[in-house]
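# Reading the structure
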Amino acid sequence: DEAGATTGATAEPEMPEGLEPMVRPSTPVGSISTDARVGLWWYIHDSKILLFQLPGPHWPPCGALQLPEFSTLSANCVAPLTTVVQQGSNTLRHPTVAAVYDDFQLSVFPHGRRVDLKPLGANWPSGEVPILVRTAAPHPSAVGVVLLVVTQSGRLLSIFLSQTSGSFEAEASRLWPMVSEHCLKNFFKRIRRYGFGDVSQDRQSLEDAQFLAHHIEILPAPRRGTLFEVLAWGEEHLALYSHPRSVASADLMWVCSLAQLVTGDVMPGRLLSACCCWDCEASRTESLLLLFSCEDPSTRRQSAMLTRLALPSRAASPLEPSTAVAVGPNPVLPRGLMTACGDTAVTAVQVDNERFCICMVNMPPRPAGLEAGVQQIVEFGIVGLSLLPEGVSVGHIQVLTPHGLLSCPQDMFGGDKELKQGKNPSTADAFVQVASEFFDAGQEDQASSLCGRAFSQLGAQAMLGAVERRTQHLLDSGGESSLSEKAKALEDWLRFLHKAGVWIRMGNAPNITAAQQKVVEACERVAALQQMREYHDLEPDVFASSIHHALDGQGSGKSDEEIQEFYSRPSECERLLPSLAQYPRTLPFGSGGAWDAVVFVHGVVCGFLDAALERRGHVLKTHPTSLPPPESHQLQRYWPKSVEPVTGVGSGWLMSSSIQRALEDIRTLSLDVLPVPKQRLPLLDAQATTALPTLARKNIKTARRSAGSSFDHWHVVQCGSGCFPLAFCRPGCFDDNC
């Protein structure tokens, strides 16, 4: 059956293995999109659609959908049909999604499985490429939905998707008209509105201009005979379509140019975005918000302006607007983002290649004018906006970026709560400290708002330096504090950086990856030093002597003070390992005490590295976006039971020169303690042959895990002091158990 459907994927999708748990800065903007109406956002990665809840956690996704091979799909051409449904206490029902590919082939994902459709009818567009797909309304006569498609050439069409007995069918309408068929019918209305002057030029422009849409907003049907209505706009014109309850194309109700809508002293440039909202919930009268570029009359500079027009009836074009307010600098691209809820609107325009400007606007009832808040410059790209209201003047803005989802609670007029509480930070370090104090006190909204203001005033690079200094301060300051207190402080610091959106606000700032690795490294160092402290309690004399030698005579000479000084500075904890590796050399070689010392040192070094790696794994489990994901070649394994591939690449401190020297010393020490005698002693030879590989395997496996989690090629580890080949890994030790 040519009109039938074929199933292309498994019944229940599995979570893809090896997938990095975040949206990378290099991810193209066309791979990310959102639909706030159903509370979902998604991005396309390696032929999979990963779905996330809005708002919700960055990982794991609530759905992973497998696309057909060799298909080309833009994220804007994915349309969620249903949202996530909770089933029981721990089960989520996957949303149903439709996808329209570049060749206008169609796939439906009912709760995870894929169904590829063959379209019906002769109206299916030929030569058109879809750039935007949205769910418009339920199907008027069957179980299904109506999809609205915007093509690359600026044309619109609707697709009627229906389901019958488990199979799906899709039927397309004709391309919607570009010229209104009702221009003459409204001719006398325009005479009454604009006076009895010459309106022939206006009539000619409306009749001859071909409207091309760049973006749309779906509006509910105002009357029973209409299925839905669409507000569509391009760079210069705005139009309203009304779709009948059939497969026929929609009617173009009216088309207006931006110059006709915005009059007075303002000379409009390009239309950036449009949005319908209720002027007053009680009176149920609609208004139309227009975001456009023009010269600001008050500053005489090109700016992004917002105005509000009365819309008494959708059958006629809007009335003259109120005074426009500036919401940002002149955008570099002819498009913007806008959302409105209640008496609040949020706008975002692109300032340059990396930065956007966000502004919240208060919308009191007409005839009062709009009141623009503080314009905040952010260092990251913005893909979508959603406004979740809380109270009258405060809202939560969900900002979708190429780096993930950012929740921005903001005060309408600049967020002066911090100033009212006597805290007025001016430097990046002060902003970071005050914001973290708010977060620790449970005031997460104030912390996030203050971070947004800091990035807007000081920029991402200054804030990145403040984060690095704060991390170092938490790691090494406070000599009286215990290691457990430092571990808790660093865990709170890590939560603050993620929950307050600090990393996302950094955008593509230079050295952001190194800064993220440094924060996780601080947590690893404290965990490793805590493990070292436990070994210290087992052999206090050995550790006291090793700490004295590790300090190179820079200590006070008093054992207790040197121990306290060493354990108060986790940033230098690895210095103890080479000194500790020399301990067995102080004992007679070949004796039982020397061999016990070798075994003890082996356990200390492996326990040190294992504690750091375990801490890294815990951080990646609770904060999956803390470290950059590995490259594809890092995931390759050549032994069936090799170490598991890492999910995040940390810093190189676990393969620093001190740790490398300690590993090499332990290798040579093991051979020195059990030397091969000149006279062949079969019993001793057998013991050495059995004992040395056993210790080597444990040491090598830990070293391989450390190298593999820090570098892209563990055979030769690149570090600040040069290359560290794992040459001590003798071939006999590389068996399936390594």
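The rules we used
Residues numbered from 1 in each chain as written. Predicted model: local features only at pLDDT ≥ 70, side-chain atom pairs only at ≥ 80, totals over all residues. Heavy atoms only, no water. Helix = DSSP H or I, 4+ residues; strand = E, 2+ residues; numbered from the N terminus. Contact = heavy atoms within 4.5 Å. Areas by Shrake-Rupley, 256 points an atom, 1.4 Å probe, with all protein chains shown as cover. Core = buried A, V, L, I, M, F, W, Y, C linked by side-chain atoms within 4.5 Å. Buried < 20%, exposed > 50% of the residue type's maximum accessible area, 1.4 Å probe, protein only. Pairing = 2+ DSSP bridges. Axes fitted to C-alpha atoms, helices over the stretch in contact; angles between N-to-C directions. Lys, Arg positive; Asp, Glu negative; His and termini not counted. Salt bridge = Lys/Arg side-chain N within 4 Å of Asp/Glu carboxyl O. Polar contact = N/O pair within 3.5 Å; in protein donor to acceptor, adjacent residues only side chain to side chain. Parallel < 35°, antiparallel > 145°, perpendicular 65-115°, else oblique. Left-handed = near helix turned anticlockwise from the far one by under 90°. Nonpolar A, V, L, I, M, F, W, Y, C, P; charged D, E, K, R; others polar. Phe/Tyr/Trp six-rings, centres within 6.5 Å; stacked < 30°, edge-to-face > 60°. Lys NZ or Arg CZ within 6 Å of the ring centre and 35° of its normal.

## Quick look at the overall build of the protein chain
The secondary structure content of the protein chain amounts to 16 helices and 33 strands. Taking the contacts inside the protein chain whose residues are at least 6 apart along the sequence as the reference set, 57% of them involve residues at least 24 apart. As displayed, the protein chain has an accessible area near 33100 Å², and 51% of this comes from carbon and sulfur atoms.

## Here we look at the nonpolar core
If you look at the biggest cluster of nonpolar residues, it comprises 39 residues, and the most contacted ones within it are Trp493, Phe496, Leu497, Val502, Trp503 and Met506. Counting only elements with at least two residues in this core, the list comes to α5 (428-440), α6 (444-458), α7 (460-476), α8 (483-499), α9 (502-506), α10 (512-538) and α14 (592-622). Look past the residues within four positions of Phe496 in its chain and what remains in contact with it is Val432, Ala435, Ser436, Phe439, Ala447, Cys451, Gly501 and Val502. Membership of the second largest hydrophobic core comes to 36 residues, among which are Leu65, Leu81, Val97 and Val149.

## Details of the pairing of strand β13 (residues 143-151)
Counted residue by residue, β13 has seven buried out of nine residues, so it is predominantly covered. Bridge analysis of strand β12 (residues 130-138) against β13 gives seven bridges, and the strand direction is antiparallel. The partner of Thr135 across the bridge, within β13, is Leu147. Bridge count between β13 and strand β14 (residues 156-164): eight bridges; the pairing is antiparallel. Paired with Val149 across the strands is Leu157, a residue of β14. Counted between consecutive antiparallel strands, the loop separating β13 from β14 contains four residues, among which Gly154 sits at a positive phi close to 90°.

## Looking at the sheet that holds β14
What the four strands build is an open sheet, ordered β12-β13-β14-β15; its pairing is antiparallel. Looking along the sheet, the strands with just one partner apiece sit at the ends: β12 and β15 (167-172). Neighbour-to-neighbour, the strand axes of this sheet turn through a mean angle of 25°, independent of strand direction.

## Some remarks on the side chain of Arg155
For Arg155, the position within the fold is in the loop between β13 and β14. Notably, Arg155 is buried but unbridged: the nearest opposite-charge side chain belongs to Glu128, and the N-O separation is 5.3 Å. In terms of polar contacts, Arg155 uses its side chain to reach the backbone carbonyl oxygen of Trp176, at 2.9 Å.

## Things to note about the packing of α7 against α8
Two numbers describe how α7 lies on α8: the axes approach to 9 Å, and their chain directions differ by 160°. With respect to α8, the axis of α7 lies roughly antiparallel. Note on packing geometry: the crossing formed by α7 with α8 is right-handed. Judged by residue contacts, Val467, Arg470, Thr471, Leu474, Leu475 and Asp476 of α7 engage Lys486, Ala489, Leu490, Trp493 and Leu497 from α8.

## Digging into the environment of Pro80
Mapping Pro80 onto the fold places it in strand β6 (residues 78-80). By relative accessible area, Pro80 is classed as buried at 1%. Distance in space between the C-alpha atoms of Pro80 and Leu40 is 7.8 Å, their sequence separation being 40 residues. Look past the residues within four positions of Pro80 in its chain and what remains in contact with it is Asp35, Val38, Leu40, Trp42, Thr96, Val97 and Thr135.

## A look at the packing of α5 against α7
Between α5 and α7, the shortest axis-to-axis distance is 8 Å and the interhelical angle comes to 60°. As summarised for this structure, α5 and α7 are arranged oblique, according to the angle between their axes. Regarding α5 and α7, the two cross each other, and that crossing is right-handed. In contact with Ala428, Asp429, Val432, Gln433 and Ser436 of α5, α7 contributes Ala462, Met463, Ala466, Arg469 and Arg470. Its residues placed into classes, the contact of α5 with α7 shows five nonpolar, two polar and three charged.

## Considering the sheet that holds strand β3 (residues 40-45)
Within a sheet, each strand pairs with its neighbour through backbone hydrogen bonds, oriented either parallel or antiparallel. With antiparallel pairing, four strands are arranged side by side in an open sheet as β2-β3-β4-β5. Two strands close off the open sheet at either side, each with one partner strand: β2 (32-35) and β5 (63-66). Going from strand to strand, the sheet's axes swing by 20° on average, the running direction of each strand aside. Pairing of β3 with strand β4 (residues 48-53), which is carried by six bridges, proceeds in the antiparallel orientation. What sits directly across from Trp41, in β4, is Phe52.

## Concerning the pattern of salt bridges
Inspection of the entire model under this criterion finds 17 salt bridges. In this structure, Glu229 and Arg314 form a salt bridge, with 3.0 Å as the shortest nitrogen-oxygen distance. Of this pair, Glu229 sits in strand β17 (residues 226-233) while Arg314 is found in the loop between β22 (301-311) and β23 (325-329), placing the two residues 85 residues apart along the sequence. Look at Glu229 and you get buried, because its relative accessible area is 1%. The salt bridge involving Arg525 is made with Glu574; its shortest N-O contact spans 2.6 Å. Taken together, the positions of Arg525 in helix α10 and Glu574 in the loop between α12 (559-567) and α13 (576-581) put the pair 49 residues apart, joining distant regions of the chain.

## A short note on the side chain of Gln516
Residue placement: Gln516 occurs in helix α10. The exposure class assigned to Gln516 is buried, which follows from its relative accessible area of 8%.

## Considerations on the packing of aromatic side chains
Per the counting criterion, the structure on display carries 10 aromatic pairs. With 6.1 Å between their ring centres and 80° between their planes, Tyr535 and Phe600 make a pair best called edge-to-face. Remark: Phe600 occurs in helix α14 and Tyr535 occurs in helix α10; sequence separation between them is 65 residues. Neither Tyr535 nor Phe600 differs from the other in exposure class; each is buried. Site record: aromatic cluster; members linked through ring pairs are Trp41, Tyr43 and Phe52. Of note, Arg533 hangs over the ring of Tyr567, and the distance from its end group to the ring centre comes to 4.8 Å.

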